[in-house]
Amino acid sequence: MLYAILCYHDEDHVGSWTKEQDAAVMTKLTVVQEKLAKQGRLGPVARLLPTTAATTLRKDDPPLVLDGPYAETKEQLLGFYVVDCKNLDEALEVARDLGAANPGGAYEIRPVGVFRPGDVQP
Amino acid sequence: MTDTAWIDAALTSARPQAVGALLRYFRNLDTAEEAFQNACLRALKSWPQNGPPRDPAAWLIMVGRNVAIDDLRRSKKQEALPEDEAISDLDDAEEQLAERLDGSHYRDDILRLLFICCHPDLPATQQIALALRIVSGLTVKQIARAFLVSEAAMEQRITRAKARVADADVPFETPGAVERSERLTSVAAMIYLIFNEGYSASGDTAEIRSPLCEEAIRLARLLLRLFQSEPEIMGLTALLLLQHARAAARFDADGAVILLDDQDRSRWNKSLIAEGLALIDKAMRHRRSGPYQVQAAIAALHARAEKPEDTDWTQIDLLYGALEIMQPSPVVTLNRAVAVSKVKGPEAALDMIEPLAQRLSNYFHYFGVRGAFLMQLGRNDEARTAFDRAIALANTSAEAAHIRMHLDRLQRDSQPRGKKAGK
């Protein structure tokens, strides 16, 4: 079963990391990701740009375009992983590993209903 | 990340909101700063043991306020001191306070904090130093290093600036729409100054000064989060991101300037460019142009060009034309002339900058650009005169070295003359 692991954190806080701190967190996360990739369990991974770069389209009639993220929350959606796990326990284990590498904030673990990997290359 | 690193980041990110709220409460900058410092000391003690609070800023405001009130009471000796535990137990209080920290206060608190640093009586360098100290929370040592002055000198500069601000009437009432927009304009200009202080560094100091650029970007993003729909703040943020994206490519190993055309574009920071382009796209939708947006749009055209020859100079010429109308200045015209030289040739560009000669008679870049146009036209003697003048006016050794490179080329080219006749 595929699980999406949605990463929430205070982006002001993440933005206050020094370049070195940021790089250190990314290195630690890469270790966890490589382990998953070797097992053939790692799907797409994305780190999103700050919510200031976000635009929201409200599907009113006519649709309304708003600056900023969909919801003003204390913690923001900053990225996500898609991981293949047998069950919730396994998904939680992955989230714990990721969390140990990158503490603070929260992960929302959501089973994936439809998944099309697509074919865009970065 | 270690506990302390985590706490440092949390304190840094909470700082503008916390100091801003404490300032509104105490109406005195020193008291607010001291209250925040005391709250930070308690956080360092409490957070590693009890875990981080859900809302660090609310925690710091609450604790800072209580400690400061106690200090005030203590100094007045009016009441017995409360138990330390009574202040540290914040579970319920934090929740209540979080409720009261609604968006509107938060926004004006931070804006006010930034705004008092823009006091018109303060020279630019003092405004910047003050903002870095009060809003960003950099230490005096860090600021002194970035400004390449001694710690004592910077300490004095900040103390003087603070005294000036303390004497001024800080507007504490919630600003109206016009007032708010005026404050926003001043604050945006100040953030731009911080950035330029770092960006105008020469090669040998660029590394030391780049924290100024990073801090300016952090403040710009913060401001944009508070004013999500302001196209000029989008433009400002985009401009800083797009300029800073080129940082790694701007100087060679010896610290000499590498011009845009000669930069290794693979060293440009793609993530910063993506963010900058996204913001300028968003800003353009508002159809309310302004100087930051136009400058960001120019930077975006450079960023979008994979090779120098892909650059859309026609569009850049038009944008500089728009900027000339919004912000007439000989320097803008000089920049436009560079675009004109690419579109219509050096002759037209030279005609364009001729009328600026008097106003820019002491401006290094004027003679650098003029020399380059003359060189392209093969008027080498005049080019040499312009370059000599540029070297005399150079602000940094890197600038002078760059012009000397042109002179060397003129020297080389003039040797085998005759063989290379015609174009």
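The structure presented is a predicted model; accordingly, all values stated were derived computationally and were not measured.

Student: Could you clarify how one ought to interpret the domain arrangement of chain B in this entry?
Tutor: One widely used convention gives an interface's size as the accessible area the parts lose upon coming together. Residues and elements named next belong to chain B. If you check the domain split of chain B, you get domain 1 (3-101), domain 2 (104-227) and domain 3 (229-298). At the interface, 13 residues of domain 1 touch 14 residues of domain 2. If you list the elements that add at least two residues to the side of domain 1 that touches domain 2, you get α1 (3-26) and α2 (29-50). Among the elements that take part in the side of domain 1 that touches domain 2, α1 stands out by supplying nine residues, more than any other. Broken down by class, the residue content of the side of domain 1 that touches domain 2 amounts to six nonpolar, three polar and four charged.

Student: Quick question: what am I supposed to make of the packing of helix α12 (residues 231-244) of chain B against helix α14 (residues 291-304) of chain B here?
Tutor: Packed helix pairs are characterised by how far apart their axes lie and by the angle those axes make with each other. All names here are of chain B. One way to put it is that α12 packs onto α14 with a least axis distance of 8 Å and a crossing angle of 35 degrees. When you trace α12 past α14, the crossing you get is left-handed. In this structure, α12 contributes P231, E232, G235, L236, A238, L239, L242 and Q243 to the contact, and α14 contributes Y292, Q293, Q295, A296, A299, A300 and A303. Each residue belonging to the contact of α12 with α14 can be placed in one class, and the counts come to ten nonpolar, four polar and one charged.

Student: Would you mind going over the interface of chain A and chain B with me for this structure?
Tutor: Facing the 19 residues of chain A at the interface are 20 residues of chain B. Looking at the side of chain A that touches chain B, the elements with two or more residues in it are α1 (11-15) and α2 (19-38) of chain A. Taken together, the residues of the side of chain A that touches chain B sort by class into seven nonpolar, eight polar and four charged.

Student: I tried to follow the confidence of the model for chain B on my own but got confused; where do I start?
Tutor: Detailed reading of the predicted model is not advised wherever pLDDT is low. All names here are of chain B. Confidence in the prediction for chain B averages 88 pLDDT; 90% of positions are at 70 or higher. When pLDDT is averaged over each helix and strand of chain B, the minimum, 47, is found for helix α4 (residues 84-88) and the maximum, 98, for α12. Taken together, the stretch residues 85-92 has pLDDT below 50 and engages in eight contacts with residues farther than four places along the chain or on a different chain. When the criterion is pLDDT under 50, residues 418-423 qualifies, and its contacts beyond four places in sequence or with other chains add up to zero contacts. On the interface metric, ipTM, the complex scores 0.90, and its pTM is 0.88.

Parameters at a glance
Residues numbered from 1 in each chain as written. Chains lettered and ligands numbered in written order. Predicted model: local features only at pLDDT ≥ 70, side-chain atom pairs only at ≥ 80, totals over all residues. Domains from an automatic or database assignment. Contact = placed C-beta atoms within 7 Å. Helix = DSSP H or I, 4+ residues; strand = E, 2+ residues; numbered from the N terminus. Nonpolar A, V, L, I, M, F, W, Y, C, P; charged D, E, K, R; others polar. Axes fitted to C-alpha atoms, helices over the stretch in contact; angles between N-to-C directions. Left-handed = near helix turned anticlockwise from the far one by under 90°. pLDDT = per-residue confidence, 0-100.

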